Amino acid sequence: MKKDLIILFVCVAFASCKNETTKATEFEIGTTVKEAQDTLIYPEEVHFKSIRQVTFGGDNAEAYWSFDDKQLVFQSNNAEWNVGCDQMFLMNADEKFKDKVPPMISTGKGRTTCAYFLPDNKHIIYASTHLKQDECPDTPLRKNGKYIWPIYDSYDIFVADLEGNIVKQLTNEIGYDAEPTVSPKGDKIVFTSTRSGDLELYTMNIDGSDVKQITNELGYDGGAFFSPDGSQLIFRSSRPKTEKEIKEYRDLLAEGLVEPTEMELYICNADGSNLRQLTDLGNANWSPFFLPSGDKVLFSSNFEAERGFPFNLYMIDTDGKNLKRITHGETFDAFPVFSYDGKYLAFSSNRNNGGGRDTNLFIAEWQD
């Protein structure tokens, strides 16, 4: 569900965006700053030492590194890869897919979201709707003129090997169980579930045992990630406050929907204690990820936008200070994820798509 913002905010709105990208040029990690600026790095993006485009069509997002940084797993709906909606694909860290198709490691049935490597680097977890139906579920985009997300109650979380074989089902509660990510310590999984009647965060052990509820306030809590030392969680939340907002939220949730246009970032300890709001920027602030230092967070936001876009990446200290813009596009940058060694940043972007709607994966060499 994290990637649905691409559909909701980007594909609908960006058809009329000004295209400021330049002609595509292929290059690998190690390209000089000047060469990169002539191709895929905008001049103000000083934290990108080099950059490499990985995919070249469809919507590609949520690329997560293996614990040894040798591979990534990501989701894509690229029709040329013979999928009708998001499925999971595997890649080596140095690959790109302009003229070849990566191996699919989900079942190819239903719709999938949010894959993440387990510590053995031989298995992944991901959420899928395939137990309910083989076909892709419908994806409503609007209700009463507003952008919405579907919360499929058929999502459950599974463990699969890198050949695509499901070896275990981790959740089997009635309702939505999805958005799982793994602690860098390798001991815990955090995920979002409706098992309480609301969209709350939960943690469990790697084997699915010892499930604990982390958040308990009305509203959508999701897209959570652990800090590098596993002691904290950063996540996005849309928490209604007025009677009208509360009613609208509950009415939509009863239909398996949420409206994600107003979200802020929250941070707490891994057990849910010391919860506090990190941003108060307005609009949609989401897809947060800790920097390797653990004292800063990258995230995507459109808080500076007047028409709902662009989305750019921003950096902020974990105490809410020193907000800084990192990317400078006029379309969409989101899903920043650092490699475990801190050298590279994978993210999704509309840059260099010829003015179309494709959202591709990029890997940038990071510099402070």
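These lines cover the structure that appears in this document, whether it is placed above or below. Not measured: the values here are computed from a predicted model. (Residues numbered from 1 in each chain as written. Predicted model: local features only at pLDDT ≥ 70, side-chain atom pairs only at ≥ 80, totals over all residues. Heavy atoms only, no water.)

### Some thoughts on the environment of K343
Within the secondary structure, K343 sits in the loop between β25 (333–338) and β26 (344–349). With 23 residues separating them along the chain, K343 and W366 place their C-alpha atoms 5.6 Å apart. Residues contacting K343, with those up to four places away along its chain left out, are A364, E365 and W366. (Helix = DSSP H or I, 4+ residues; strand = E, 2+ residues; numbered from the N terminus. Contact = heavy atoms within 4.5 Å.)

### Considerations on the state of the cysteines
By the definition in use, this model includes one disulfide. C85 shares a disulfide with C136; S-S distance 2.2 Å. Between C85 and C136 the sulfur-sulfur dihedral comes to about -90 degrees; the bridge is accordingly left-handed. A residue pair is termed long-range when its members are at least 10 positions apart, and C85 in the loop between β3 (71–76) and β4 (87–92) and C136 in the loop between β6 (123–128) and β7 (142–143) qualify at 51 residues. The buried category is assigned to C85, whose relative accessible area is 10%. (Disulfide = S-S within 2.5 Å. Buried < 20%, exposed > 50% of the residue type's maximum accessible area, 1.4 Å probe, protein only.)

### Quick word on the packing of aromatic side chains
Summed over the entire model, instances satisfying the criterion amount to 25 aromatic pairs. Ring plane angle 50 degrees and centroid distance 6.5 Å describe the contact between Y116 and F225, whose orientation is recorded as tilted. Separated by 109 residues along the polypeptide, Y116 in strand β5 (residues 112–117) and F225 in strand β16 (residues 220–226) bring together distant segments of the chain. Under the relative-accessibility criterion, Y116 is labelled buried at 5%. Members of the aromatic cluster, joined through ring pairs, are F48, F338, F347, F362 and W366. Lying over the aromatic face of Y266, R239 brings its terminal NZ or CZ to 4.6 Å of the ring centre. (Phe/Tyr/Trp six-rings, centres within 6.5 Å; stacked < 30°, edge-to-face > 60°. Lys NZ or Arg CZ within 6 Å of the ring centre and 35° of its normal.)

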